[in-house]
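Remarks on the overall topology
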Amino acid sequence: MKLASIQAEESKLLLQTYERNPYLFLSGQGVYLRDENGQDYLDLLSGIGVSALGYGHPAVEEAIACQSKRLVHSSNLFFHEHTTELARRLTEISGLDRVFLCNSGTEAWEAALKLSRANAGRLRVAGRNIGTRFLALEHSFHGRSMGAVATTHKEKYRKPFEPVMPGVEFVRFNDVDDLRAKFSEEICAICIEPVQGEGGIHLISREFFAAARELCNSTGALLLADEIQSGLGRTGKWFAYQHYGILPDVTTIAKPIANGIPMGAMLCTNNAALAFTPGMHGTTFGGGPLACAVAIAVIDTIKRENLLEHIRDIGDFFHEELSRLAAHHDCIVDVRGIGLMLGLELNSADLAKRVAAQLMERYIIVNCTSETVLRFLPPFILEPKHVESTIKAIDEVVSATYAGAAPAGEQFHG
């Protein structure tokens, strides 16, 4: 089927939940996607942070092929050989103790919210004074389910589904005084993204993160770190919280863990894990043999190919080149991010949308987040030549699109 016929069929058959771009991709290799006409596109979004090892990676293909011939599903009523193998890897790289395997990021976050409420209930039984409320941050995004959307700040995600889960209050981003003023014994958890993705690629401050850890320690509330977008190496460490030297009670991961096979996980301390007992929570498909086998291959490949160091190096290079570009164009407001989680903020939503669309016409895939920010979440195997061609394209597009892009008589050389 061709693009036009697929679009026509989807318009009649699918719920219209996405504004799709009019491109039909049939295959991929490395950092490139290939469309129906055989044209390759440099994918700097990697399926919204999912395809960490790019497309057609031998380790991923081998894991899928081998496991699919043996066992795809068996249910969590029985054991299979990969759960402890994967859990061991996840606890080793995270510093946490226990793992709950599920299907997606929002499911992992739901598990974290439920664990927080259950933990508070366990503490109350033990005589502690602790409530059921959550503190989340302005500009946060935690998912699409009812609990996750309640802790997500933007009204466009929450308002159509009100009333959402009650008991959530939002704290001004990186405002330690506001955090301290709103924290009390009524709080069962503080919800943090160490790097806000949908919120515009903003890093939590060391002071704010440390204050949140201190406050949670004071009452027994749980510190939740949402690493669904920033985790599993995206920032140059396995988890973004490791840049701060602060260990949360709970973290959630998903996007890159199985390189496109649906999977998520909630990790927690032994102490927090005491709140869940058999029957309190579960999942039909989570932690299946196929997804676990692929996740093991992904983690082992990141280790074997020394990709964390590569992410730091290529991420620094990308950030420096974007910053040089920003110095040349006054329509670029800011460059933010860490590792291969980067954002280029422009001075208007209209300009950001036009630049993203024109980059697509030049066969480079990015997207806009928080309306004005071009977001870069490329595969971990990105090379300097890909960065250089991207910088050149952005420079040309911005120069042609925005009249005040560059000082008169000057030309940028990336």
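Residues numbered from 1 in each chain as written. Predicted model: local features only at pLDDT ≥ 70, side-chain atom pairs only at ≥ 80, totals over all residues. Heavy atoms only, no water.

Counting secondary structure elements, the chain contains 14 helices and 17 strands. The globule rule puts the C-alpha radius of gyration for 414 residues at 22 Å, and the 22 Å found for the chain is close to it. With the C-alpha coordinates aligned to their principal axes, the bounding extent of the chain is approximately 70 × 55 × 45 Å. Looking at the 414 residues of the chain, the share that counts as buried comes to 54%. Pairs at least 24 apart in sequence give 72% of the contacts found in the chain among residues at least 6 apart. (Helix = DSSP H or I, 4+ residues; strand = E, 2+ residues; numbered from the N terminus. Rg over C-alpha atoms; globule rule 2.2 N^0.38 Å. Buried < 20%, exposed > 50% of the residue type's maximum accessible area, 1.4 Å probe, protein only. Contact = heavy atoms within 4.5 Å.)

Glancing now at the pairing of strand β10 (residues 222-226). Burial of β10 is extensive: five of the five residues sit out of reach of the surface. Across the two faces of β10 the burial is the same, with L222, L224 and D226 and L223 and A225 all buried. Alignment of strand β7 (residues 187-192) against β10, held across four bridges, turns out to be parallel. Considered in β10, the bridge of C191 is made with L224. Relative to strand β11 (residues 250-253), β10 runs parallel, the two being bridged by three bridges. Looking across to β11, one finds that L224 is bridged to V250. (Pairing = 2+ DSSP bridges.)

A few words on unusual backbone geometry. Cis geometry is found at the peptide bond from E162 to P163, where omega equals 0 degrees. Tracing the chain through its elements places P163 in the loop between α7 (155-158) and β6 (168-171). For H139, which is not a glycine, the phi torsion comes out positive at approximately 70 degrees. Relative to the assigned elements, H139 resides in the loop between β5 (133-137) and α6 (146-150). Relative accessible area serves as the criterion here: at 36%, H139 is assigned to the partly exposed category. Even without being glycine, L232 reaches a positive phi, approximately 60 degrees. Note on placement: L232 falls in the loop between β10 and β11.

Here four strands make up an open sheet; going across it, the order is β13-β14-β17-β16 and the pairing antiparallel. A single partner strand is all that each edge strand has here, and the edge strands are β13 (332-338) and β16 (367-369). Put simply, the sheet's adjacent strands are angled 30 degrees from each other on average, direction ignored. Here strand β14 (residues 341-346) runs beside strand β17 (residues 373-376); their pairing, made up of four bridges, is antiparallel. Bridge pairing in β17 places L344 opposite L374. (Axes fitted to C-alpha atoms, helices over the stretch in contact; angles between N-to-C directions.)

Another point: the packing of aromatic side chains. Aromatic ring pairs are described here by two measures, namely the spacing of the ring centres and the angle between the planes. Under the definition given, this model contains seven aromatic pairs. Seen in terms of ring centroids, F318 and F376 are 5.2 Å apart; in terms of plane orientation they differ by 55 degrees. Their pairing is tilted. Of this pair, F318 sits in helix α12 (residues 307-328) while F376 sits in strand β17, placing them 58 residues apart in sequence. In this structure F318 comes out as buried when scored by relative accessible area, which is 0%. Following the ring pairs from residue to residue traces out a cluster consisting of Y23, F25, Y41 and Y363. (Phe/Tyr/Trp six-rings, centres within 6.5 Å; stacked < 30°, edge-to-face > 60°.)

On to helix α3 (residues 58-70). Between its first and last C-alpha, α3 extends 19 Å over 13 residues, near the 18 Å set by a 1.5 Å rise per residue. Within α3, burial applies to A59, V60, A63 and Q67. Buried residues of α3, viewed axially, fall in a sector of 95 degrees; they line one side. Those residues of α3 that are exposed and angled more than 90 degrees off the buried face are P58, E62 and K69. (Expected span 1.5 Å × (residues − 1). Arc of directions from axis to C-beta.)

This brings us to empty space enclosed by the protein. Counted by the stated rule, this structure contains one cavity of 30 Å³ or more. Surrounding the largest cavity, H73, S74, S75, N76, H80, T284, F285, G286, G287, G288 and P289 form its lining. Partitioning the lining of the largest cavity into residue classes produces two nonpolar, nine polar and no charged. (1 Å grid on protein atoms, 1.4 Å probe; cavity = no way out; pocket = protein on both sides within 12 Å on 5 of 7 lines; lining within 4 Å. Points joined across faces, edges and corners; volume = space filled by probe spheres on them. Nonpolar A, V, L, I, M, F, W, Y, C, P; charged D, E, K, R; others polar.)

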